[in-house]
Amino acid sequence: MHARPDLTEHLPRLRRYARALTGDAARADDLVQDTLERALAKLDLWQPGSNLRAWLFTLMHNLFVNQIRRQGPHETLLDDALDEPVSGGQMEALAARDIHAALAKLPESQRVILLLVGLEQFSYGEAAEVLGVPVGTVMSRLSRAREHMRHLLAGESPIKLKVVK
Amino acid sequence: MTDAVYEHDLHAYVDGALPEARRLEVEAWLLAHPADAARVKAWSAQNQALHAAFDAVLGEPLPLQLARAARRPSRASPFRAVAALLAMTATGLGGYMIGIHAEQAALAPTHLARDAAIAHAVFSPESRHPVEVDATHAEHLVAWLSKRVGTPLHAPDFSAQGFKLLGGRLLTDEAGPVAQFMYEDRIERRVTLYVRRAATNRQLATFRHATENDVDVFYWIDGDFGYALSGQIGRQAMQQLADAAYHQLTSATRR
């Protein structure tokens, strides 16, 4: 019997990426749900033995890009993350808040590459596959994204300098 | 003579993507180029900050809706409402079908039985990750699930019936957090106990039985919580387990 691939084991990482990408828990899970439905509808197109995780992220990326095109950027959604209460004096919470805010300020293409490589730890080749661009483009976008983040994090909050150590 | 170090080498250094020899060359370069070293340090810190901010998502309970969607057959409609009504195949137990109503009234006792049967069908066939926390950490498991579900839970002991606790996982459904305990017998048949907050505190005087597409479910409501035991081991065997669970759990909560 030809076993269907189990997508359940990919859910936690798809959810993490979607959360970081959208900055909003409900919107992120909607994106994951859409991705699963797309994946199961197109499963016949997936080559068994090839990278299922990269394929799922490709589907999610395409859905996300289509959403952005349809609805325009959702910067306000990301800003909502700033309203979450932060208990006093907790450096981790402050760092998390800063990273949310900085991510929200990155252009989509930079945010995507920063998360695929920095958070999801895709290789440059896999990230190129997910995005459908050459590796050279991945490298130049990654470079811009990291420098952009560095300025955002350094410029906005002096406390950040302690966290970054 | 060391090759010049380029921008892409610095990124690959941060991402651990360099071969050892090149990594050492970049390290030597960074000692001599403090500006590059500062950038590399900042980029590494970004990676750490991303993990610090978002890794918690990995440990969150899986929304049951997504767990269902991950298992749906490929003919699922793109229209979610329609898709939710389609049958779901559980691959591991021989492909039985379960109807899903993802609609409201999820809290009613009949939905308790159905949701429990679905969760059973989704997770009991798992060979690699049937549970999130295994039974070797039973104390931690019970404490963790109790905290998340919001009531002191007890994992019933089915050793007299030949089933040992395999572990448990946390789910969410329309009613909120759900604890699922999983048990297995010597021939690897599995039963699951599903515990969640009930909508009404009306008591079901004793347990009830439902069959959800070949899954036997015995369920009852005790106080604010609904319990449902699901399995495919024959109705009589299920009833014995349900008896044991009911008596252990009701006496435990009324101590």
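The structure presented is a predicted model; accordingly, all values stated were derived computationally and were not measured.

Looking only at helices and strands, chain A features nine helices and zero strands. Reading chain A from its N terminus to its C terminus gives the helix and strand order α-α-α-α-α-α-α-α-α. Pairs at least 24 apart in sequence give 70% of the contacts found in chain A among residues at least 6 apart. With an accessible surface of roughly 7,600 Å², chain A has 53% of that area assigned to carbon and sulfur atoms.

This next bit is on the environment of Thr58 of chain A. Residues and elements named next belong to chain A. The topology assignment puts Thr58 in helix α3 (residues 52-71). Considered as a pair, Thr58 and Glu126 are 68 residues apart in the sequence and their alpha carbons are 9.8 Å apart. Non-local contacts of Thr58, meaning those with residues more than four positions away in its chain, are made with Glu129 and Val130. For Thr58, the side chain forms a polar contact with the main-chain oxygen of Ala54, separated by 2.7 Å.

Turning our eyes to something else, we now look at the pairing of strand β7 (residues 190-197) of chain B. All names here are of chain B. Across the eight residues of β7, seven count as buried, placing the element largely inside the fold. Here seven bridges tie strand β6 (residues 176-185) to β7, and the two strands are oriented antiparallel to one another. Within the sheet, the bridge partner assigned to Val178 lies in β7 and is Arg196. Taking the residues between adjacent antiparallel strands as the criterion, β6 and β7 are bridged by four residues, where Glu188 takes a positive phi near 65°. Sheet analysis places β7 next to strand β10 (residues 225-231), joined by seven bridges and oriented antiparallel. Across the sheet, Leu193 pairs through a bridge with Leu229, a residue of β10.

Listed by partner, the interface residues are 43 residues for chain B and 43 residues for chain A. Viewed at the interface, chain A and chain B are joined by five salt bridges. Of the charged contacts, one joins Arg19 of chain A and Glu60 of chain B as a salt bridge, the two residues approaching to 2.8 Å between their closest N and O atoms. Sort the elements by how many residues they give to the side of chain B that touches chain A and helix α3 (residues 34-54) of chain B lands first, with 12 residues. Of the residues that constitute the side of chain B that touches chain A, the class distribution is 22 nonpolar, 10 polar and 11 charged.

Cut-off values and rules
Residues numbered from 1 in each chain as written. Chains lettered and ligands numbered in written order. Predicted model: local features only at pLDDT ≥ 70, side-chain atom pairs only at ≥ 80, totals over all residues. Heavy atoms only, no water. Helix = DSSP H or I, 4+ residues; strand = E, 2+ residues; numbered from the N terminus. Contact = heavy atoms within 4.5 Å. Areas by Shrake-Rupley, 256 points an atom, 1.4 Å probe, with all protein chains shown as cover. Polar contact = N/O pair within 3.5 Å; in protein donor to acceptor, adjacent residues only side chain to side chain. Buried < 20%, exposed > 50% of the residue type's maximum accessible area, 1.4 Å probe, protein only. Pairing = 2+ DSSP bridges. Salt bridge = Lys/Arg side-chain N within 4 Å of Asp/Glu carboxyl O. Nonpolar A, V, L, I, M, F, W, Y, C, P; charged D, E, K, R; others polar.

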